[in-house]
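# Residue-level structural notes
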Amino acid sequence: MRTVSLAWLPLLLAPLLAADPAPPTGGYEDALVQWGLSLDGGRSLEPEPEGKRLEAVLVASEDVVAPSDPYPLLLNVFHARTREAVIRREVLLKPGAPYSAALALETARNLRKLGIFAVVRVVPVRGSTPDAVSLLIITKDLWSLRLNQDFQIVGTLVQSLRLQGTEQNFLGLNKKVALDFLLRRDSLSFGQTYVDPRLGGSRWYLSETASLIVGRESGQLEGSRGSVLVTRPFYALDTPWSFQAQAVWRVQPIRVFRGADVWALPYPDGGTVPYIYDARELSGSTLYLRSWGSRYKLDAGGGVGVYHRRYGAPADSGLDEARRAWLRDTYLPRGEDATYVLGYARFWETRYEVMRDVDSYALSEDFQVGPYLTATARYAPALLATAGHFAEVGLTARYRVRLGDALSSWATAASVRRILGGEGAGTWVNRRWAAEFQQVSPKVLGGRFVVRGLLDVNIDDLNERVLLLGGGNGLRGARPEAYSGRRTALVNVEYRTRPLILYTVHLGGVLFYDAGSAFDEGPRFVHSVGVGLRLLFPQFNTFPFRLDFGYVLNDERPEFAGRFSFSGGQVTEFRPGFLDAPL
């Protein structure tokens, strides 16, 4: 789910009601490039810049609300535009060195990854002599003082709603400070977040967050969660090493819902047991990586980690010992302590394609193409009597190819654990694999077809994962969490129209077909069809709002209002994190 901002929704909607809209010619980003070229007396593009001496790096930063935008210019008073030094710090080309198109593209990718810009374009312009070239960086900030929202709504049921009062780009320095509020069906969370991607002006990254959790029914403090991450990432393709250290905790009750109610599990001897348990999780880890190669990269290294995990029925649940044991053995994740050593390797091709009209309607998106493979191995010795003794491995593979204006992606992941000591020694557990295929078509009548197929299979899972399907998470039109199982299969087919541009607001439509099943043995597919709207405000968010109405064809249908779902981002963003990190 994408984080989106609704803080200025009345202002955002104003252009939709205005008369005589004037969409920019040549596309939203192209218009900004022309604006950047017109500054300082005007500049012209250099058609053959490769290898020429880089004379200068120029920066053109447009206000978050420009005269061409349909919003009051007064808003700029409340937004500190990104400082030029922040932009220049990400530039990988140096004056005096030969111009490299590859480094210019990488500079643009790095700036877009910061998450503070609506638009980043990096173009070569003619220098003062025929053998010289300058680099022009054109940026437009995202609105940074915002009430971010991360939400999932089906009909009248608010499954989750996160409100984050955020200054995304504090004083234009690319630092994030935020106050968090998270509403779930059972709890309220209050917390704070601080992110500094360039700690002290260096290449180090700091992120920390902490929240207190209050039960909605009891009004009492129920727990807390948080994390601290310090890392020096691979900030450029030629960065030789990376390091990270992190600590994470979560102490809270977990309530598993189906629709508006806690899932009542059928007890074998009659009656039900509420799917509620206490979770206590503490972990810490470090990882050091080295990098080799140019077009094809190998990043490899290792680290150490430790964790403590405990799960059980709440003390005040009123369950007898037999029901507690049944809940623990049948549905709860396995409690475990472990200290482990970790090995990690990644092989990938450093080739990227820039496309538009894929997930966002008009903004540039970077897609790594070619192979991307990872392997992770962990060994946990029995250092203490209560510690787990095991070895496990996780593998991922992805291949992405662009043919013309079409994009095809295949991804798969698998993991397995071998228990080496204690109860169950010599057995294989935690066997899981998943696969996903996604096809983005060339433009058809100005829009695109997007097709996604997903299969997620759990076998002998010590964590007793139960996957829920229905509502806005891939099977639209169905009741929220209507279907459950340890395995899921999902197909989504969408036609996303070309957007109608009203000033700079992008409004589009969607026709869709979903088919999905959550199952333990054989799948039984439920089919739905529907229509939707997509709305993008490029000054405020880089991904659209999504409003869908679905109609189930072959199973129970909710009431009319329950067939609507409202969220941020595209439906294809709902995918298991296992595909990227199987351990």
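Structure report, in brief. Sequence order as written defines the numbering, with residues in each chain counted from 1. Given that the model is predicted, a residue must reach a pLDDT of at least 70 before its local features are reported, and side-chain atom pairs must reach 80 or more before they are shown or counted; all residues, however, enter totals for whole chains, interfaces and linings. Think of the side-chain values as coming from all heavy atoms in the structure, minus any hydrogens and water.

## A look at a nonpolar patch on the surface
- A contiguous nonpolar patch, built from Trp292, Tyr296, Leu298, Phe347 and Leu373 and spanning about 470 Å² of accessible area, is present on the exposed surface.
- Its location among the elements puts Phe347 in strand S18 (residues 336-349).
- The exposure class of Phe347 is partly exposed, given its relative accessible area of 34%. Grouping into patches uses exposed residues only, defined as over 30% relative accessible area, and leaves out salt-bridged ones; the cut-off is 9 Å for like charges and 5 Å for nonpolar side chains (Val, Leu, Ile, Met, Phe, Trp, Tyr). Computed with the Shrake-Rupley method and a 1.4 Å probe, the accessible areas treat only the protein chains shown as cover for residues. By definition, a salt bridge exists where a carboxyl oxygen of Asp or Glu is found within 4 Å of a side-chain nitrogen of Lys or Arg. Secondary structure counts use DSSP, requiring at least four H or I residues in a row for a helix and at least two E residues in a row for a strand, with both numbered from the N terminus. Working definition: with a 1.4 Å probe on protein chains only, accessible area under 20% of the residue-type maximum means buried, over 50% means exposed, and in between means partly exposed.

## Details of the packing of aromatic side chains
- The rule is short: rings of Phe, Tyr and Trp, with Trp giving its six-membered ring, pair when the centres are within 6.5 Å, and they are stacked under 30 degrees, edge-to-face over 60, tilted in between. Evaluated as defined, the whole model comprises 22 aromatic pairs.
- Ring centres of Phe181 and Phe190 lie 5.5 Å apart, and the angle between their planes is 50°; this geometry places the pair in the tilted category.
- In this structure Phe181 comes out as partly exposed when scored by relative accessible area, which is 23%.
- Judged by centre distance (6.2 Å) and plane angle (55°), the rings of Trp348 and Tyr372 are tilted.

## Section: the pattern of salt bridges
- Inspection of the entire model under this criterion finds 43 salt bridges.
- A salt bridge links Asp366 to Arg112, with the shortest nitrogen-to-oxygen separation between them at 2.8 Å. Of the two residues, Asp366 is situated in strand S20 (residues 365-380) and Arg112 in helix H4 (residues 101-113); the sequence distance between them amounts to 254 residues.
- Two residues, Arg255 and Asp186, come together in a salt bridge whose shortest N-O distance is 2.8 Å. Residue Arg255 is located in strand S11 (residues 241-255), and its partner Asp186 is located in the loop between strand S7 (176-184) and strand S8 (187-196); the two are separated by 69 residues in the primary sequence.
- On the basis of relative accessible area, Arg255 is assigned to the partly exposed category, the value being 22%.

## Focus: the pairing of strand S31 (residues 545-552)
- Of all 8 residues in S31, 6 are buried; the element is thus mostly enclosed.
- Where strand S30 (residues 526-536) meets S31, 8 bridges bridge the pair, whose relative direction is antiparallel. Within S31, the position partnered with Gly532 by the bridge is Asp548. In short, DSSP must find at least two bridges between two strands for them to pair.

## A short note on the sheet that holds strand S4 (residues 132-141)
- The 3 strands are arranged S2-S4-S3 in an open sheet whose pairing can be described as mixed. Of all strands in the sheet, those with a lone pairing partner are strand S2 (53-62) and strand S3 (117-126), marking the two edges. The average angle at which neighbouring strand axes cross in this sheet is 15°, direction not considered.
- Of the strand pairs in this sheet, S2 and S4 are connected by 9 bridges, and their pairing is parallel. Considered in S4, the bridge of Val57 is made with Leu135.
- By definition, residues are in contact when any of their heavy atoms lie within 4.5 Å. A fitted line through C-alpha atoms serves as each axis, taken over the contacting stretch for helices, and the angle formed by two N-to-C directions is quoted from 0 to 180°. Sheet strands in contact with helix H2 (residues 28-38) are S2, S3 and S4, and its direction is about 125° off that of S4.
- Against the sheet, H4 engages S3 and S4, with an angle of about 160° to S3.

## Focus on the nonpolar core
- Formed by 18 residues in total, the largest nonpolar core has its most connected members in Leu135 and Ile137.
- Elements with a minimum of two residues in this core: S2, H4, S3 and S4.
- Every residue in contact with Leu135, bar those within four places of it in the chain, is listed here: Leu54, Ala56, Val57, Leu58, Val91, Leu93, Tyr99, Ala104, Val122 and Val123.
- Residues belong to one nonpolar core when they are buried, are Ala, Val, Leu, Ile, Met, Phe, Trp, Tyr or Cys, and are joined through side-chain atoms within 4.5 Å. Core analysis: the second largest hydrophobic core is formed by 16 residues, Val256, Trp263, Tyr267 and Leu327 among them.

## Observations regarding the side chain of Lys140
- Structurally, the position occupied by Lys140 is in strand S4.
- Distance and chemistry together define a polar contact, namely a pair of N or O atoms within 3.5 Å, with one atom able to donate a hydrogen and the other to accept it when in protein, and with adjacent residues in sequence counting only for side-chain atoms on both sides. Only 3.0 Å separates the side chain of Lys140 from the side chain of Glu62, close enough to count as a polar contact.
- A polar atom in the side chain of Lys140 sits 3.0 Å from the backbone oxygen of Asp63.

None of this, on its own, says anything about what the molecule does.
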